[in-house]
Amino acid sequence: MIYADNAATTKMSKTAVDAMMSVITENYGNPSSLYSIGQKAKEILEEARATVADVIGAKPQEILFTSGGSEADNQAILSAAALGRKNGKMHIVSTAFEHHAVLHTLEKLKKEGFEITLLDVHEDGIVRPEELEKALREDTCLVTVMFANNEIGTVQPIREIGEICRKHKVLFHTDAVQAVGHLPIDVEADRIDLLSASAHKFHGPKGVGFLYARKGVRLSNLIEGGAQENGKRAGTENVPGIVAMAAALAEAKENMARNAEILTEKRDRLIQGLGAIPHSALNGDAKRRLPGNVNFCFEGIEGESLLLLLDDKGIEASSGSACTSGSLDPSHVLLAIGRVHDVAHGSLRLSIGEDLRDEDVDYIIRSVSEVVGYLRSFSPIWRDLESGKKPHLL
Ligand SMILES: *Cc1c(COP(=O)(O)O)cnc(C)c1O
């Protein structure tokens, strides 16, 4: 089995599993309890906070543990919106290809009277900072732009965006779920005010993540109750998950440069091999993308059929986002970069991991070529394209 869906989730690393086990079996106290096992839990919780903060250049007090990326996105955006409303600023700038945790939160705010500007991400899947600057208004309270896209992997000019936001005194949030643990991030240098991350995208456990909020940025609660997390997120902390997340992140940071190099080489070989399939196209810029992301459209086929046949061959991949699979709508990300519906339906995302072997790369290229050819051999759409009844778009 070749697992090539690391953008959907990753396997926990041994380091993370071991860290989690030690908490479950030994340090199982409640961090809010005053006796020793509780205080021990509190101690390792705060160690984890310091580790996480250090990886992104933040201070421990600026890290809030959450149930994952979605919660962090919701809390960041709703907090900035609440501050905006208080100051009579009800305009938000974002992009058309954000994760649904961001887009659906923005839709909710729109119903509450906020105005939302979604920036074009162009054919290459990259936001243009100058267009972002033009979109800013007197009443803009927040810019939220993802660090790297979860479907096509394109990495955004975050530092330039951060500088523009700082210059105009607008809060800047970035959904960095795909970037944390994979790309270097420095919230100070990148001028980031709010950042979301999720452990299960960097070999940590599911159901845990964090929100970075720069000192002075007032957060609103999504969950009311106890005084945990500085009173900003009630509920007994998920200590096993948090400690495992910190262990996974420290490990990811340690291996980041080497992993990126290994992945980039394999990624580029996959891009070259799959690009040789006739009437195919790479989605997103070829270089400014995550080291492990490959995303293609193949004309004349359905992505879902491709995935099922690849699964038969032992390759586990995705058509884009795990959230849209099962629905008939094409990916909003592929539509945002200008792919028409028919073409967007024939997509394949491979998000590879460090354990992918050289021979796996060859096997994937061979298998995808075979399956695409096979599906086209009885596709009515492909027949129309080949007979010239319809023009090829790729
Ligand atoms: C996975 C993902 C999320 C959601 O994170 P969860 O921890 O699964 O809630 C948000 N944004 C992006 C870009 C993602 O890839």
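Residues numbered from 1 in each chain as written. Predicted model: local features only at pLDDT ≥ 70, side-chain atom pairs only at ≥ 80, totals over all residues. Heavy atoms only, no water.

(A) Up close: unusual backbone geometry. Its identity is not glycine, yet K169 carries a phi of approximately 55°, on the positive side. Positionally, K169 belongs in the loop between α6 (158–167) and β6 (171–175). Here K169 falls in the exposed class, since its relative accessible area comes to 73%. The residue H279 is not glycine, and still its phi comes out positive at about 55°. Along the chain, the position of H279 falls in the loop between α7 (239–275) and β9 (280–282). (Helix = DSSP H or I, 4+ residues; strand = E, 2+ residues; numbered from the N terminus. Buried < 20%, exposed > 50% of the residue type's maximum accessible area, 1.4 Å probe, protein only.)

(B) Local environment of the domain arrangement of the chain. Here the domain parsing of the chain yields domain 1 (2–6 + 256–387) and domain 2 (14–252). For domain 1 and domain 2, the distance between their C-alpha centres works out to 29 Å. With 23 residues of domain 1 at the contact, the number on the domain 2 side is 29 residues. Summed over both partners, the interface of domain 1 with domain 2 comes to about 2,200 Å²; 57% of that surface belongs to carbon and sulfur atoms. When the area that domain 1 buries against domain 2 is broken down by residue, the three leading residues are M256, R288 and L290, summing to 30%. On inspection of domain 1 and its partner domain 2, the count reaches zero salt bridges. The interface formed by domain 1 and domain 2 contains 12 residue pairs in polar contact (both at pLDDT 80 or more). Examining the composition of the side of domain 1 that touches domain 2, we find that four residues originate from one element, helix α9 (residues 332–336), more than from any other. Of the residues assigned to the side of domain 1 that touches domain 2, the class counts are eight nonpolar, 10 polar and five charged. (Domains from an automatic or database assignment. Contact = heavy atoms within 4.5 Å. Buried area = accessible area lost by both parts, 1.4 Å probe. Salt bridge = Lys/Arg side-chain N within 4 Å of Asp/Glu carboxyl O. Polar contact = N/O pair within 3.5 Å; in protein donor to acceptor, adjacent residues only side chain to side chain. Nonpolar A, V, L, I, M, F, W, Y, C, P; charged D, E, K, R; others polar.)

(C) Region of the structure containing the pairing of strand β12 (residues 347–351). Among the five residues of β12, five are classified as buried, and the element is accordingly described as predominantly covered. Side chains S347, R349 and S351 project from β12 onto one buried face, and the interleaved L348 and L350 project onto a second face that is buried too. Here strand β10 (residues 293–298) runs beside β12; their pairing, made up of five bridges, is antiparallel. Each residue of the ladder has a partner; that of F296, found in β12, is L348. (Pairing = 2+ DSSP bridges.)

(D) The site of the ligand, seen in detail. Taken together, 13 residues lie around the ligand, and S70, D175, Q178, S198 and K201 are the ones closest in. In this structure, an oxygen atom belonging to the ligand sits 2.8 Å away from a main-chain N or O atom of G69. Side-chain polar atom of Q178 to an oxygen atom of the ligand: 2.7 Å apart, as the coordinates give it. Protein chains shield 86% of the accessible area of the ligand, which is 380 Å² for the free molecule. Ranked by residues supplied to the shell around the ligand, first place goes to helix α3 (residues 69–86) with three residues. Class assignment for the residues of the shell around the ligand results in two nonpolar, eight polar and three charged. (Near = heavy atom within 4 Å. Areas by Shrake-Rupley, 256 points an atom, 1.4 Å probe, with all protein chains shown as cover.)

(E) A look at a nonpolar patch on the surface. Among the surface-exposed residues, V17, M21 and I24 lie close enough to one another that they form a single nonpolar patch of about 250 Å² accessible area. Looking at the secondary structure, you find V17 in helix α1 (residues 14–25). (Patch = residues over 30% accessible without salt bridge, like charges linked within 9 Å, V, L, I, M, F, W, Y side chains within 5 Å.)

(F) Quick peek at the side chain of T9. Looking at the element boundaries, T9 is found in the loop between β1 (2–3) and α1. Look at T9 and you get buried, because its relative accessible area is 16%. Looking at T9, its side chain comes within polar contact range of the side chain of H200, at 2.6 Å. Residues in contact with T9, not counting those within four places in the same chain, are Y3, H200 and K206.

(G) Spatial organisation of the layout of surface pockets. Computed from the structure, the largest pocket encloses a volume of approximately 480 Å³. Looking at the largest pocket, it is lined by 24 residues, and the ones nearest its centre are Q61, I63, E229, N230 and K232. At the level of elements, α2 (36–55) and β2 (63–66) are the ones that each hand at least two residues to the lining of the largest pocket. If you tally residues by element for the lining of the largest pocket, the top one is α2, at three residues. When its residues are assigned to classes, the lining of the largest pocket shows eight nonpolar, five polar and 11 charged. Estimated volume of the second largest pocket: approximately 330 Å³. In terms of residue class, the lining of the second largest pocket is built from five nonpolar, four polar and five charged. (1 Å grid on protein atoms, 1.4 Å probe; cavity = no way out; pocket = protein on both sides within 12 Å on 5 of 7 lines; lining within 4 Å. Points joined across faces, edges and corners; volume = space filled by probe spheres on them.)

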